[in-house]
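Here's the letter readout for the chains.
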Amino acid sequence: MFKKLTLAALVASVSSLAVQPVAAQDAGYKIPVPPISEELTIPRHEIAVLDSKMSYLEQGEGDVVLFIHGNPTAAYLWRNVVPFVSGNHRAIAVDLIGMGHSGKPGIGYTFADHARYLDAFVEAMGLTAITLVAHDWGSALAWDFARRHPEMVVRLAFMEGVVPPAFPQPSYEAMGEGMGGMFRDMRDPEKGRQMIMENNMFVTDILPSMIDRPLGETARAEYAAPYSKVEDRLPTWVWPREVAIGGEPASSVALMENIRVFMGETKMPVLLAYAEPGALIPPQAVPYYVGLIGNLETAFIGRGLHYVQEDQPVAIGRALADWIRRN
């Protein structure tokens, strides 16, 4: 058995959501830190999926590498990572249903809904022999997809995932006062609606606060565009209500257990990319995965918080390309 890590320990350094961004020329650098482009140069496409449409970025030819984002981001999050693999692979970054530029059907936007649309997207695109690369809730979707379709997934890379051991959590109290209190409020029917639906908290506050650099106007506008209307923000509110805390929702508790068991059973190559201090998967959590996943490689990508693709895209891209090449 592996020692249970508390979320409070995992996110102690960032639970206040008030971490200061890294300076443009940090101590120890002899040259300025390389700038991170916020321009999107990868072609965008869309495809009919079930009763709606799903948007995606695509670049390159060859075996498929499918990038899956989380809350409240979109395929845009991967713009600076995709080019590292698209030279000899078919790189696809999907916008989850109701998010990014994908359609907004009248569904509940539960994990089960996202998994159903993701399955349908893969089928509509005719994807096989897939390498999954995932972040945040996208990591849970990726691990669940690989568990249910092991014949279709040849590799899986994840980072800052909503997966064990960070979740499930036994209670709000176990998460620490700051994080536990925030999740309790977000899941409250009245407070949560005000925070996330009315105030657009995930886009305006949480996202920029969990990036270790000042987010530019181009990126802010791109991330905000899908949620200009209050009613369009429903997916960003449902995601925190899907987090397994105190035994609820039961479906998410079962999901996390299924993922944990599958992590311990799978033989496929797995890459874990992690940052310092990180949030859901800080360096302290890495031994958990090393002890659980048999065919695991780890890659330290440097300084970063939760949305590490906005902090360390080059390090992620290089680690991913090298891992794919060797596996």
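For the structure itself, consult the block above.
A brief look at the structure comes next. (Residues numbered from 1 in each chain as written. Predicted model: local features only at pLDDT ≥ 70, side-chain atom pairs only at ≥ 80, totals over all residues. Heavy atoms only, no water.)

**Side note on the packing of aromatic side chains**
Applying the stated criterion to the full structure yields eleven aromatic pairs. Aromatic pair F158 and Y289: ring centres 5.4 Å apart, planes at 75°, arrangement edge-to-face. Of this pair, F158 sits in strand β6 (residues 153-161) while Y289 is found in helix α10 (residues 286-292), placing the two residues 131 residues apart along the sequence. The same class applies to F158 as to Y289, namely buried. (Phe/Tyr/Trp six-rings, centres within 6.5 Å; stacked < 30°, edge-to-face > 60°. Helix = DSSP H or I, 4+ residues; strand = E, 2+ residues; numbered from the N terminus. Buried < 20%, exposed > 50% of the residue type's maximum accessible area, 1.4 Å probe, protein only.)

**Quick notes on helix α3 (residues 137-148)**
Taking 1.5 Å per residue, twelve residues should reach 16 Å; α3 reaches 17 Å between its end C-alpha atoms and fits that length. Within α3, ten of the twelve residues are buried, which leaves it mostly tucked inside the rest of the structure. (Expected span 1.5 Å × (residues − 1).)

**Some remarks on the side chain of D232**
Tracing the backbone through its elements, the reader meets D232 in the loop between α7 (217-224) and α8 (234-242). For D232, which is buried and forms no salt bridge, the nearest opposite charge comes from K104, at a distance of 4.6 Å. Those residues in contact with D232, other than ones at most four positions away along the chain, are G98, K104, P226 and Y227. (Lys, Arg positive; Asp, Glu negative; His and termini not counted. Salt bridge = Lys/Arg side-chain N within 4 Å of Asp/Glu carboxyl O. Contact = heavy atoms within 4.5 Å.)

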